[in-house]
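The lines below spell out each chain.
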Amino acid sequence: MLEVSIRHAYPDFTLDARFEAPPGLTALFGRSGSGKTTIVNAVAGLLRPDAGRIVSEDRVLLNTDRGIRLPPHRRRLGYIFQEGRLFPHLTVRQNLHYGAWFASRRTPREDAGKVVELLGIGHLLDRRSGGLSGGEKQRVAIGRALLSAPRLILADEPLAALDEARKSEILPYFERLRDEVAVPILYVSHSASEVARLATTVVAMEAGRIIRRGSAAEVLSDPAILPAGAREAGSVLTATVVAHHADGLTELDAGGVRLFLPRVEQPVGRKLRVRIAAHDVILSRLQPEGLSALNILPGVVEDVRQGQGPGVLVALATPAGRLLVRITRRSAAQLEIGVGQRAYGVVKTVAVAPTDIGVTGS
Amino acid sequence: MNWLGPEEWRAVALSLQVSVWATLVSLPLGIFVAYALARWSFPGKQLLNGIVLLPLILPPVVTGYLLLLVMGTQGPVGGLLAEFGIVFAFRWTGAALAAGIMAFPLMVRAIRLSFEAVDAKLEQAGATLGAAPTWVFLTVTLPMSLPGIVAGAILAFAKAMGEFGATITFVSNIPGQTRTIPSAIYAFLQVPGGESSAMKLVLVSVAVAMVALLLSEMIGRRVAARVGGRDA
């Protein structure tokens with residue numbers, strides 16, 4: 001458990017945040033400039049906030065009232081930076097073991113062989129970091145943080161510098177970190193799809209303040225909370241793999257509703273998180289017939305939100321969970337959408353990208 | 001080395017001795033001062049920077065004379081040290097001191113630049129991995145600045161080999177004691193028929209300078225490749 005309470009004034013805005021991060025992966029989610037990195041750097045001890053209190057697993061890292069401020073090297077954190085920050089003069093192996101040189105021998109730590117195996121970096125050990133690809137660098141950076149015997153892992157937009165292909169290469173490692181390593185993770189991101197896949201808990205931020213804290217499904221499916229903007233809106237459904245079909249589709253069960261997605265390489269019975277972008281859903285007042293789309297979710301309109309632009313965000317309560325639908329204001333008027341009405345959410349199978357599908361911890 | 005006479009040979013050996021000592025002894029201090037100037041902010045930082053650079057700008061004769069005033073056996077510091085048996089005036093140690101001080105600004109500049117080029121973000125990464133500041137310096141900053149430190153040391157060595165004005169003012173031109181290559185060339189040129197001896201020492205000077213340059217290029221390239229993270 002991590003408890004954070006920080007106040008820090010910048011010339012143009014003030015950060016005032018207080019939250020608790022339970023075990024698992026806690027995502028600090030918000031636009032750039034909302035203060036996420038300030039929080040992580042304060043937790044790491046790289047930034048001295050004006051006032052605050054930070055407690056990690058009963059260890060006080062910072063308490064400005066009592067004049068306590070542990071220096072970074074005594075905080076026992078594994079920090080995964082956006083740019084990796086591998087030591088260029090050391091080999092991959094030396095980078096991985098760097099933290100272990102300074103950790104007390106008594107502290108329990110991950111087995112180096114297991115971490116190397118988990119991250120698939122065994123073939124890189126004798127290389128220097130300069131020649132590694134972006135994805136390889138980030139995997140080594142994850143391993144280096146893990147092997148320093150941390151009590152808390154911090155990750156500041158660790159995928160932001162990578163292209164889409166590299167992102168989907170790294171995302172599963174964070175899922176495994178979340179599910180297989182007992183250390184809590186504080187993860188900064190402005191990407192709704194990353195947060196949807198990874199977060200156990202989401203702390204949504206806006207302009208230096210925390211606007212909402214809850215599970216990924218709760219926070220991301222709330223049409224009032226759009227830290228990444230309406231274009232990024234989308235809901236998270238939990239679904240179980242039912243069958244893989246010969247035509248390349250995977251059948252899932254989401255609260256009794258059947259979903260068909262492009263083949264998902266996960267065994268039958270596995271629980272998945274599926275993120276469905278709000279702009280990929282079509283809304284229908286009548287039970288649709290004769291449509292090519294395979295996924296039809298019946299539900300009741302819970303909320304209709306209108307912003308500045310031409311779009312309207314509709315929250316539909318379905319048996320599979322809350323579904324966000326983004327339609328135009330004109331469509332909303334034509335359909336006479338209102339709270340309490342029955343409606344159907346239609347999702348094209350191919351609209352769900354592989355990066356939008358993640359495994360979920362038990 | 002038969003073509004060098006005993007007197008010339010003595011000048012070459014003395015120059016090497018003086019320059020090696022001047023470089024090695026000033027290197028730790030040079031690293032410390034360069035790091036302080038590159039990374040710390042403290043009152044009097046500009047003053048320290050000025051004092052370090054002063055020998056580069058002052059006429060060498062002035063530096064030598066100031067050394068004589070301060071470090072001579074009658075001077076405040078030299079007198080004190082003389083009580084402990086440490087004498088600089090008119091000894092080879094004095095020549096090394098003069099050469100070291102004259103070379104110091106060049107050394108500090110090169111090392112300071114290379115410290116400044118080390119990304120402070122890497123030092124932060126080291127701290128988050130549990131390394132205390134001293135360890136961060138020893139395991140990240142220092143190895144990453146190695147090309148600049150090597151370059152600074154070689155530059156300082158070459159400068160020490162060529163130091164003349166401050167040396168001759170401070171410790172005079174005593175054969176076998178303080179007569180380094182430049183002083184010897186100067187002395188040979190003062191006596192009739194000394195040109196051939198002077199010429200030989202000129203050739204030695206050129207050779208030493210060339211070797212030092214090539215060496216620094218070679219070491220610098222190798223270290224830079226390693227520090228740059230490429231597989232060497």
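Because the structure is predicted, anything quoted here is derived from the model rather than measured.

Caption draft 1: Fine view of the overall build of chain B. The number of helices and strands found in chain B is eleven helices and zero strands. From first element to last, N terminus to C terminus, chain B shows the α and β order α-α-α-α-α-α-α-α-α-α-α. With respect to the three principal axes, the spread of C-alpha positions in chain B is 70 × 45 × 30 Å. Buried residues in chain B amount to 43% of all 232 residues.

Caption draft 2: Main features of the sheet that holds strand S15 (residues 271–277) of chain A. All names here are of chain A. Taken together, the five strands give an open sheet; going across it, the order is S14-S13-S12-S15-S21, and neighbouring strands pair in antiparallel fashion. Sheet topology places strand S14 (257–262) and strand S21 (357–359) at the edges, where each strand pairs with a single neighbour. Between one strand axis and the next, the sheet turns by 40 degrees as a mean value, whatever way the strands run. Bridging between strand S13 (residues 249–254) and S14 involves six bridges; their strand directions are antiparallel. Of the residues in S14, the one forming a bridge with Ala254 is Val257.

Caption draft 3: Just the interface of chain A and chain B, in detail. At the junction of the two partners, chain A supplies 23 residues and chain B supplies 20 residues. The element best represented in the side of chain A that touches chain B is helix H2 (residues 92–102) of chain A, accounting for three residues. Looking at the side of chain A that touches chain B residue by residue, the class counts come to eleven nonpolar, seven polar and five charged.

Caption draft 4: Representation of the sheet that holds strand S20 (residues 342–347) of chain A within the structure. All names here are of chain A. Spatially, S16-S20-S17-S18-S19 is the arrangement adopted by the five strands of the open sheet, whose pairing is antiparallel. Each edge of the sheet is formed by a strand with only one pairing partner; in this case those strands are strand S16 (281–284) and strand S19 (321–328). Taking the axes of each pair of neighbouring strands and ignoring which way they run, one obtains an average angle of 45 degrees across the sheet. Bridge count for S16 against S20 is four bridges, and the pairing is antiparallel. Bridging across to S20, Val281 finds its partner in Val347.

Rules and cut-offs
Residues numbered from 1 in each chain as written. Chains lettered and ligands numbered in written order. Predicted model: local features only at pLDDT ≥ 70, side-chain atom pairs only at ≥ 80, totals over all residues. Helix = DSSP H or I, 4+ residues; strand = E, 2+ residues; numbered from the N terminus. Buried ≥ 20, exposed ≤ 12 C-beta atoms within 10 Å, placed from the backbone. Pairing = 2+ DSSP bridges. Axes fitted to C-alpha atoms, helices over the stretch in contact; angles between N-to-C directions. Contact = placed C-beta atoms within 7 Å. Nonpolar A, V, L, I, M, F, W, Y, C, P; charged D, E, K, R; others polar.

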